[in-house]
Each structure stands twice: as C-alpha cells, then as structure tokens.
Amino acid sequence: MNVIEVKDRNRTLSIAVEDTGDVHSDTEASKPVLFFVHGLALDHVLWKYAIEYLRADFRCIAIDLPGHGASAGQRPEQAGNFTMSFYAGIVRSCIEKLGLKDVTLAGHSMGAQISIITALQIPSLVQRLVLVSPAGIEKFIPEEAAKIEVGTEMLYRAPMDVKHILGMYAPQMNVHAERARELANDHI
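Residues numbered from 1 in each chain as written. Predicted model: local features only at pLDDT ≥ 70, side-chain atom pairs only at ≥ 80, totals over all residues. Heavy atoms only, no water.

Caption draft 1: The arrangement of helix H4 (residues 84–97) in detail. Here H4 spans 20 Å end to end across 14 residues, near enough to the 20 Å set by a 1.5 Å rise per residue. Inspection of H4 places Phe86, Tyr87, Ala88, Gly89, Ile90, Val91, Ser93, Cys94 and Ile95 among the buried residues, and these make up the whole buried set. Positive backbone phi, at 65 degrees, marks glycine 99, one or two positions downstream of H4. (Helix = DSSP H or I, 4+ residues; strand = E, 2+ residues; numbered from the N terminus. Expected span 1.5 Å × (residues − 1). Buried < 20%, exposed > 50% of the residue type's maximum accessible area, 1.4 Å probe, protein only.)

Take a look at the structure:
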C-alpha cells in the first residue's frame, strides 16, 4: 500500500492507495484502469478478490477514503466536511495525481454515489461506471444528518469482532464463507 498526497482546498491529505500498476512497464501502462471506491465504514480490502481476479487484464487501483482504512487518521475536523462531494473531489484528485485516463470507476454502496459524482465532475477521464449495491443519492434534513453522524461515530467506536464484521459483509457480498471471514479479519 502506498500513500499519495492530494490537495483539498488549502489542506494536503494523505490517501492510502493499492495500485497493481506500481511497476511501470509497457505492459502495465497499456492495461485499462479499474479504480475501486469502497463504501461507508469499509476500505480497499472490500475489493481484494475482485483485484486478485482482474489484475491480469487491468491496472487495478483501490483507495482508502479519508476516515477509512489506512487513511482513517484523518477525521472530519482535520480533512474537511465528509460529504459525497468532498469524497468525489478526493477520488478526482487521485485520478488526476496518478495521471489516469479512460478510467472505469467501480463503486460499492456509498462508493457508488461518490463514483457517480466523480464521473459528473470529470467526464473526460471517466469512461465507465460499475455500481455495486449502490446507495441512493439522498439529501438529508439537518436532524437526519445529525442522527447519521451519531450512528457513524458509534460504528467507528464500536468494538469490532469477526461476528460483527461478518454481519456487515454477508448481506452485501456473495462470497464464500472462508473469504468473508478473511475479509472480516482484514477489516478488524
């Protein structure tokens, strides 16, 4: 896992990036790019098996959004307001910083929302969208947003055990039991 620095307004953020194209060869450079965006409370590990399967034919890139995974140290007070537009700006900045073109964005749940917004921001760079269990595009009244914020903070602070994480993964992913357990252990 590497880290790239991206700018968001007047801040520099460190974004953890898994990139199968780190070895820059002619073969790697000619592969089409799949850029993976995880959902809420997840990280790049969600895409582990997809990347394993697809890396022979694609340059696969998966990031940990601010507040998640290896980018978790950046909380809203440090990084900015964690909105879908904010996250889309981070994805856009990563795509631009990596010099990518003709990108296929693959987003899961909240990551699908982010991918849609990113594609609308940079249509010349994003050629295709893959939306996996996409969350809807919602607008929340302040009271609803406050409840979601409290629930999210509780989720981040909740003790994580394999059974809890399996409960999060199982309904969303059609994976073998041993792979779900491995993902849960990686998540913890």
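Caption draft 2: Representation of the side chain of threonine 104. Within the fold, threonine 104 resides in strand E5 (residues 103–108). Polar contacts involving the side chain of threonine 104 include one to the side chain of arginine 128, which spans 3.3 Å. (Polar contact = N/O pair within 3.5 Å; in protein donor to acceptor, adjacent residues only side chain to side chain.)

Caption draft 3: How the structure looks around the packing of aromatic side chains. Counted according to the given criterion, the structure contains two aromatic pairs. Measuring from ring centre to ring centre gives 4.8 Å for phenylalanine 36 and tryptophan 47, while their planes differ by 40 degrees; the resulting arrangement is tilted. Of the two residues, phenylalanine 36 sits in strand E3 (residues 33–37) while tryptophan 47 sits in the loop between E3 and helix H2 (48–54), which places them eleven residues apart along the sequence. Pair check on accessibility: phenylalanine 36 and tryptophan 47 agree, each one buried. Measuring from centroid to centroid gives 5.5 Å for phenylalanine 86 and tyrosine 87, while their planes differ by 55 degrees, and the two rings are tilted. The same class applies to phenylalanine 86 as to tyrosine 87, namely buried. (Phe/Tyr/Trp six-rings, centres within 6.5 Å; stacked < 30°, edge-to-face > 60°.)

Caption draft 4: Layout of the sheet that holds E3. Taken in spatial order, the six strands of this open sheet run E1-E2-E4-E3-E5-E6, and their pairing is mixed. Each having just a single partner strand, strand E1 (2–8) and strand E6 (126–132) make up the two edges of the open sheet. Sheet twist, expressed as the average angle between the axes of neighbouring strands with direction ignored, equals 30 degrees. Across four bridges, the pairing between strand E2 (residues 11–19) and strand E4 (residues 59–64) is antiparallel. Across the sheet, the residue bridging to glutamate 18 is alanine 62, located in E4. Packed onto the sheet, H4 meets E1, E2, E3, E4 and E5 and runs at close to 120 degrees relative to E1. Contacts from helix H5 (residues 110–121) reach E3, E5 and E6, with the element oriented near 150 degrees to E5. (Pairing = 2+ DSSP bridges. Axes fitted to C-alpha atoms, helices over the stretch in contact; angles between N-to-C directions. Contact = heavy atoms within 4.5 Å.)

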